[in-house]
Number of protein chains: 4
Amino acid sequence: MGESLSGGGRDGRPATSADIPTIGVGMLGYGFMGRAHSSALRTIRHMTWPPPLIPELVSIAGRTEDAVAAAADEFGFAEHVTDWRELVADPRIGLFDNTGPNSVHAAPSIAAAETGKHVVCEKPLGRTADESYEAWQRVGATGVKHMCAFNYRFVPAVRLARELIASEELGEILHFRGVYLQDWLVDTSVANLWRLDKTVAGSGALGDLGAHVIDLAHYLVGEIASVAGAVRTFTPVRDGTEVDVDDAFAATVEFSEGALGTIEASRFCAGRKNGLRFEINGTAGSLAFNLERLNELELSEGAAGFRTILVTDPGHPFLRHWWPAGHVLGWEHTFVHELHHLLTAIRDDDQVGPHGATFEDGYRAAEVCDAIVRSADGSGRVPVSYRESAPARRAAG
Amino acid sequence: MGESLSGGGRDGRPATSADIPTIGVGMLGYGFMGRAHSSALRTIRHMTWPPPLIPELVSIAGRTEDAVAAAADEFGFAEHVTDWRELVADPRIGLFDNTGPNSVHAAPSIAAAETGKHVVCEKPLGRTADESYEAWQRVGATGVKHMCAFNYRFVPAVRLARELIASEELGEILHFRGVYLQDWLVDTSVANLWRLDKTVAGSGALGDLGAHVIDLAHYLVGEIASVAGAVRTFTPVRDGTEVDVDDAFAATVEFSEGALGTIEASRFCAGRKNGLRFEINGTAGSLAFNLERLNELELSEGAAGFRTILVTDPGHPFLRHWWPAGHVLGWEHTFVHELHHLLTAIRDDDQVGPHGATFEDGYRAAEVCDAIVRSADGSGRVPVSYRESAPARRAAG
Amino acid sequence: MGESLSGGGRDGRPATSADIPTIGVGMLGYGFMGRAHSSALRTIRHMTWPPPLIPELVSIAGRTEDAVAAAADEFGFAEHVTDWRELVADPRIGLFDNTGPNSVHAAPSIAAAETGKHVVCEKPLGRTADESYEAWQRVGATGVKHMCAFNYRFVPAVRLARELIASEELGEILHFRGVYLQDWLVDTSVANLWRLDKTVAGSGALGDLGAHVIDLAHYLVGEIASVAGAVRTFTPVRDGTEVDVDDAFAATVEFSEGALGTIEASRFCAGRKNGLRFEINGTAGSLAFNLERLNELELSEGAAGFRTILVTDPGHPFLRHWWPAGHVLGWEHTFVHELHHLLTAIRDDDQVGPHGATFEDGYRAAEVCDAIVRSADGSGRVPVSYRESAPARRAAG
Amino acid sequence: MGESLSGGGRDGRPATSADIPTIGVGMLGYGFMGRAHSSALRTIRHMTWPPPLIPELVSIAGRTEDAVAAAADEFGFAEHVTDWRELVADPRIGLFDNTGPNSVHAAPSIAAAETGKHVVCEKPLGRTADESYEAWQRVGATGVKHMCAFNYRFVPAVRLARELIASEELGEILHFRGVYLQDWLVDTSVANLWRLDKTVAGSGALGDLGAHVIDLAHYLVGEIASVAGAVRTFTPVRDGTEVDVDDAFAATVEFSEGALGTIEASRFCAGRKNGLRFEINGTAGSLAFNLERLNELELSEGAAGFRTILVTDPGHPFLRHWWPAGHVLGWEHTFVHELHHLLTAIRDDDQVGPHGATFEDGYRAAEVCDAIVRSADGSGRVPVSYRESAPARRAAG
């Protein structure tokens, strides 16, 4: 497709949108993530000017005819189908965007890639490391571009964090502590969601929230070498149905390069709505981030104390697409940056990584998740045995 | 001593300071903690009016004659000695205040108690659980009042947290996450301190900082049943001398009642000066605390979001001693509250616990510290084994 | 147009986008605001489902042919023109969206209204109260819907503030303190902008930033009855050209209902990027807002202390259009809410006010701005005359 | 007194407390401020080692015999009297510490100075500028050291702010905005306090809170040249008695050097307990302070964004007296710093200013307060006259 750019505008930029190649998009899933991806694909056309490619929303797939028809109309897809295999077979589609539940991440993504479509798939890549590995191997073998949608890599403050670490502003990294805290399961009436069903979701807070933290740890600090964790299901029955996924987990992690970390996620932290937070400490400085204040990055140069950087300057990562300094972005913009990155890689036949998460990254996060589950099941914990005093002695003090 | 109060003032309050019994104090150690305890003992006399007992600063012990003489003058002790055994033998002394290095916590405290003196000892109670157990057993057997100086129980916001939990404002407790982050070892020129010498200190961040977090976990949430942790010494040699204590540790903990926790401490977190922070989540609400803002407690009632309570109202814990609402306290005031609590227990022959930490509490924290070390040495960690792709496949993505 | 809805979908909702009437939009201006309005108009179609009307971007006007042609392509307008009068004359256009510089706010808006087009015009409505009054009078006389784009009324947290005040959660309002602080003029190399030219802009920080604060004061607290202020131009010459607008102003204001306020704006506050902040105190509580954290509202119920409400719940104002709780919005979304409100008023032939700012509101803000200028020029200030001491006496102390 | 130091210890430091001269203190008043000053005077002896002079608490004066006797015992004064003239006549007293209500600030301070005693007097120096001027003139004429107890100059963060400004870190100062917000009068049952009685207090929020802000403006930015303000009494009757002082005021101020400012204080800001806040913007940076977080100073170097400096390092102002980095101070410590400063000036026969506020500074603040009252009474405000639309036209929009 890249060659069609050669006839473009001044300074190598396309003169008009007519000079910009298009790419047909087929989407699987029309829930929360389908809505977010669709919005981003429409926005790229106008706000990342000139866009690398102009997405055309060809068709969207879902099992329920009425609902998917309504979603197509609402999201701006020209057509809808009730079987994702139709998307895979559709020659107009160059990018398969998989926003379905976790149980339909692997197989449709593989099928799409094997017909030569580029693929972006929501996280977690699979319900298990095995499934994720299979997805990576088979998609990777096709040579298409593949991305696992760890969108928080595309928060401007997170990218800035990466740049600061890469330029050794923090020195050698010693600590990573990351949490992802939400509170929607504190309401015991919440029930019957696919996210609480292991068959569909694979895991609970671990794959849904923890995977994001694990991916950011990997992106910002490096490879996780070992874990020791614990998991909890606080409300094992909801509305008469067993909940077979975790509500929360916590783990200590060791990085290959020596840093020590903690990773935790929970859906039971009252008052925390979307509390993805991390702090990184190095020998030369520290930084801290909180998704609930996604426009801010806190940086301590040396031990000087934390400065709040409002990451909204046009010179900050991704901000050239947006507004003058000080005009904050929202959560959905991460998808614009992510899909813009993917479209650029497709246009230029460039690598998705290291800034975009590939299926390999999706798989590697899944290995860490699985290791946490194994460590929680295993014999690694050390019980604390408190010695008792003789009864007479306990009266004192 | 309590009977001397009976002739006191109106409404059962002493009419004047002449009606208030005194208690002779002998102190071991004249460093940072000696200075803090001395200040508090002087302050109690005037600011916690009427004080339960009036401390008289009888004598202070230290090995270096010139230095301890100067400290006695500066701190307001009438006399000084160079052997703590003289304090133990001094009949004028009713309270032995042990602020020496960790290696002289156990033996002098035991000796003082065995001559019938009440004892307050800085934390950690001993260098190991064994040493701490011995101290508890032998001091406990004497019947004197004993306190391990976990002073952060006496931060007004922490006591308020305890009261909120006790009154079930948070419901059932599900999560505890506590860290204690400092940055003074980021400076690699720091060296040759007793705190970095295992023979004297027993451990590093673990016993110095971690013990505080562990004690607060115990005080606020309950007994810790198991741990899985990791420790680090980032700078194993300083100024040519081996550092044989930990610079940092992290652990997941499980509480007997089911809550899941993380506990971490480090002296290598650039920009964090005295960052003892905890967050507790329950089924009905959450709270959060940060020692760097010790006058504040953040409380989310249900999922409503966090309210910053400025814990400075006269009706808040301990604040009746101080100023009108809004006039903040400092770190040193925790010692005033702590020692006031101990003097009250002595006067009334009342329990030091559950609000004051006893030697039993000091011992129990030591067991958790030792268990973290054992878990870090052991085989409990699960390595993450990432499967590789065939080389040809890795080019994609 | 409303009648075309009658054949719509189930439950009175349109079955599909085919059931939803369209409205042709003509835009004047393609700068910062033109880009923001265009983005919102495109977003309404898909994200405020079902949209009240579907905007069709018919044509955009600007003086420079090449630039406006590129903007039309980028923004998604079907056509472009170089004279706004062509938009006024275009029968396909039902809504005239005026995002040009302040000097072309009044006349084109009046002309569009007088041909029967609904009008939305950026703030300030005019360069002076007189010009704004003329705009209001002539547009108001036509019977079209008119809106002055005070978009910060459409921040969810601001609307929530309004609702809390309306429901008397704060009791009687006693204080309003509002500032709008930016720092882009601290850079002395910034020059030659229309915003610094009185002929085009009318005023500086006053009409650009101050007008927002004044409108919010009016929206949230009520009518401003009197002012006393001062203005400053800190850098009167930039790049050899005189700056004839204010860089900053400050004023005390009195509200008709008795509240006391301060209003201030400056482009010279280093470190403040888009610091529109206000605090409102009433007899029963307080609230505080900061545009740099636009997803948050701080509320003190009574004197209990401030709770940070993350205004992202689907039940919060405007949030039904967006995402699950905790997924923050950005600055640009205020325009989606604002233009959605206007389109709804057009569809339903309903009032734009009181939630939308009308041209009357635009005029009233201009009167306050003008009064501040008059008070700053006038004799209202009281000099402080410090009496001197005899020289001999000054040596002491 | 200074010569007695010459026989002192090594390195010019006194060897022991026996080498340090003492100074007898007589105190007028035993309320909130008397308690705070007493505490500081006792603390100086031990915590500012070696103290410049050792304060001896000779005698305290108050009108009610029983109460002042109890206060003497509680505060540590050797004697008490019921007529402050006895203090003035007492040759053992070298420092007269005036903590009485505002109505007894001037005359006793003058009398004490005229008998050769150094004087520290609580703020405001007098109930009016005239009274304050008289106090300054007569005390200044005696040659004693005099201090008006604007203790917030002695917050470490405030002194650091002063140092940063003096070293031109902020460049030329353009803006000062200061507020002092409390909420204790929101409770309408509060009544019958001397602070609400003009005869005793002189004014309300203006002299009590506003004077602090005015003094800090003067200390940090410079002379205030003109003001324009407004005052309010929201609850003119409490418990059947007229309140004849202001509950709140707001003013814009112009500094002699050109900066523009706002100053405001209120006792009616629900949720604000002791909210003395200021922000200062200069051409090269900004800083912000909040007394409720008195250990923190926020600094933006250039436009980089605000860094939170935890002002607790031993190298920070005043902190050499206290603890290792990170151990926060409380409100009361400002008095230790302030009185230590005064004692040092007395010992060295040095100036109290510019860091300590003298009676001249107390007088100058009073002139600004009086000017605000005059401006509020005067004709300086500009009414906002909104023009009406013809009735028919108002229906639209």
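Predicted, not measured: the structure shown is a model, and the values here were computed from it. (Residues numbered from 1 in each chain as written. Chains lettered and ligands numbered in written order. Predicted model: local features only at pLDDT ≥ 70, side-chain atom pairs only at ≥ 80, totals over all residues. Heavy atoms only, no water.)

(A) Layout of the overall build of chain A. Looking only at helices and strands, chain A features 11 helices and 17 strands. A compact globule built from 397 residues would reach a C-alpha radius of gyration of about 21 Å, and chain A, at 23 Å, matches this within 12%. Here the C-alpha coordinates of chain A stretch approximately 90 × 55 × 35 Å along the principal axes. Looking at chain A residue by residue over its 397 residues, the buried ones come to 66%. Of the contacts formed within chain A by residues at least 6 apart in sequence, a portion of 67% connects residues at least 24 apart. Taking the 35 positively charged and 53 negatively charged side chains of chain A as two groups, their mean positions are separated by 4 Å. (Helix = DSSP H or I, 4+ residues; strand = E, 2+ residues; numbered from the N terminus. Rg over C-alpha atoms; globule rule 2.2 N^0.38 Å. Buried < 20%, exposed > 50% of the residue type's maximum accessible area, 1.4 Å probe, protein only. Contact = heavy atoms within 4.5 Å. Lys, Arg positive; Asp, Glu negative; His and termini not counted. Charge placed at Lys NZ, Arg CZ, Asp CG, Glu CD.)

(B) Region of the structure containing the sheet that holds strand 4 (residues 95–98) of chain B. Residues and elements named next belong to chain B. As summarised here, the arrangement of the six strands in space is 3-2-1-4-5-6, forming an open sheet in which the pairing is parallel. Since the sheet does not close on itself, it has two edges, and those belong to strand 3 (79–81) and strand 6 (146–148), each with one partner. Ignoring which end each strand starts from, the neighbouring axes of this sheet average 20° apart. When strand 1 (residues 22–28) meets strand 2 (residues 54–61), the two strands line up parallel, connected through seven bridges. The residue bridging Ile23 from the neighbouring strand is Pro55, located in strand 2. On the sheet, helix 4 (residues 106–114) packs against strand 1, strand 4 and strand 5 (118–121) and is oriented at approximately 175° with respect to strand 4. Along the sheet, helix 10 (residues 359–377) contacts strand 5 and strand 6; its crossing angle with strand 6, the most-contacted strand, is approximately 35°. (Pairing = 2+ DSSP bridges. Axes fitted to C-alpha atoms, helices over the stretch in contact; angles between N-to-C directions.)

(C) Geometry of the pattern of salt bridges. Residue and element names in this part refer to chain B. For the structure on display, the rule yields 96 salt bridges over all chains. For the salt bridge of Glu79 with Arg92, the shortest nitrogen-to-oxygen distance reads 2.8 Å. Taken as a pair, Glu79 in strand 3 and Arg92 in the loop between helix 3 (84–89) and strand 4 lie far apart in primary sequence, 13 residues in all. Residue Arg92 is classed as partly exposed on the basis of its relative accessible area, which comes to 44%. (Salt bridge = Lys/Arg side-chain N within 4 Å of Asp/Glu carboxyl O.)

(D) Main features of the interface of chain B and chain A. Taken together, the contact pairs 85 residues of chain B with 85 residues of chain A. Interface of chain B and chain A: buried area, both sides summed, is about 6800 Å²; carbon and sulfur atoms make up 51% of it. The tally of links between chain B and chain A comes to six salt bridges. Scanning the region where chain B abuts chain A turns up 16 residue pairs in polar contact (both at pLDDT 80 or more). With eight residues, helix 10 of chain B is the largest single contributor of residues to the side of chain B that touches chain A. Of the residues belonging to the side of chain B that touches chain A, the class tally is 39 nonpolar, 27 polar and 19 charged. Across two bridges, the pairing between strand 17 (residues 382–383) of chain A and strand 8 (residues 224–232) of chain B is antiparallel. The partner of A:Val382 across the bridge, within strand 8 of chain B, is B:Val227. (Buried area = accessible area lost by both parts, 1.4 Å probe. Polar contact = N/O pair within 3.5 Å; in protein donor to acceptor, adjacent residues only side chain to side chain. Nonpolar A, V, L, I, M, F, W, Y, C, P; charged D, E, K, R; others polar.)

(E) Structural detail: the relation of the copies chain C and chain A. The two copies are related by a screw operation: chain C maps onto chain A through 180° of rotation and 0.0 Å of translation along the axis, at an RMSD of 0.0 Å. On this basis, the relationship between the two copies can be described by a two-fold rotation axis. Distance from the rotation axis, computed per C-alpha, reaches its smallest value in chain C at C:Gly330: 1.9 Å. Interface overlap between copies: 100% of the residues of chain C at the interface are likewise at the interface in chain A, consistent with a symmetric, same-surface contact. (Least-squares fit on C-alpha atoms with pLDDT ≥ 70 in both.)

(F) Structural view of the environment of B:Ile173. If you trace the backbone, B:Ile173 turns up in strand 7 (residues 173–181). With sequence-adjacent residues up to four places away left out, B:Ile173 is seen in contact with B:Ile165, B:Val221, B:Ala259, B:Ile280, B:Asn281 and B:Gly282.

(G) The arrangement of the interface of chain C and chain A in detail. Counting from both sides, the interface comprises 36 residues of chain C and, opposite them, 36 residues of chain A. For the pairing of chain C and chain A, the buried interface totals around 3500 Å² over both sides, and the portion due to carbon and sulfur atoms is 53%. The three residues of chain C that bury the most area against chain A are C:Arg35, C:Asp73 and C:Trp323, which together make up 18% of that side's buried surface. Run the count over chain C and chain A and you get four salt bridges. With its nearest N and O atoms 2.7 Å apart, the salt bridge here joins C:Glu296 to A:Arg293. Run the count over chain C and chain A and you get 24 residue pairs in polar contact (both at pLDDT 80 or more). Elements with a contribution of two residues or more to the side of chain C that touches chain A: helix 1 (32–47) and helix 2 (65–75) of chain C.

(H) Region of interest: the pairing of strand 13 (residues 275–282) of chain B. All names here are of chain B. Across the eight residues that make up strand 13, a large majority, seven, are buried. For strand 7 and strand 13, the ladder comprises eight bridges, and the chain directions are antiparallel. Across the sheet, residue Ile173 finds its bridge partner in strand 13, namely Gly282. Examined bridge by bridge, strand 13 and strand 14 (residues 285–290) share six bridges and lie antiparallel to one another. Considered in strand 14, the bridge of Phe278 is made with Phe289. A loop of two residues connects strand 13 with strand 14, the two strands running antiparallel in sequence.

(I) Representation of the relation of the copies chain B and chain A. Between the two copies, chain B and chain A, the superposition gives an RMSD of 0.0 Å; the rotation angle is 180° and the shift along the axis is 0.0 Å. By residue overlap, the copies meet face to face through one surface: 100% of the interface positions of chain B are interface positions in chain A.

(J) A look at helix 10 (residues 359–377) of chain C. In this model, helix 10 of chain C (19 residues) spans 27 Å end to end at C-alpha, consistent with the 27 Å of a helix rising 1.5 Å per residue. Among the residues of helix 10 of chain C, the N-terminal cap falls to C:Thr358, whose side-chain oxygen and the backbone nitrogen of C:Glu360 are separated by 3.1 Å. (Expected span 1.5 Å × (residues − 1).)

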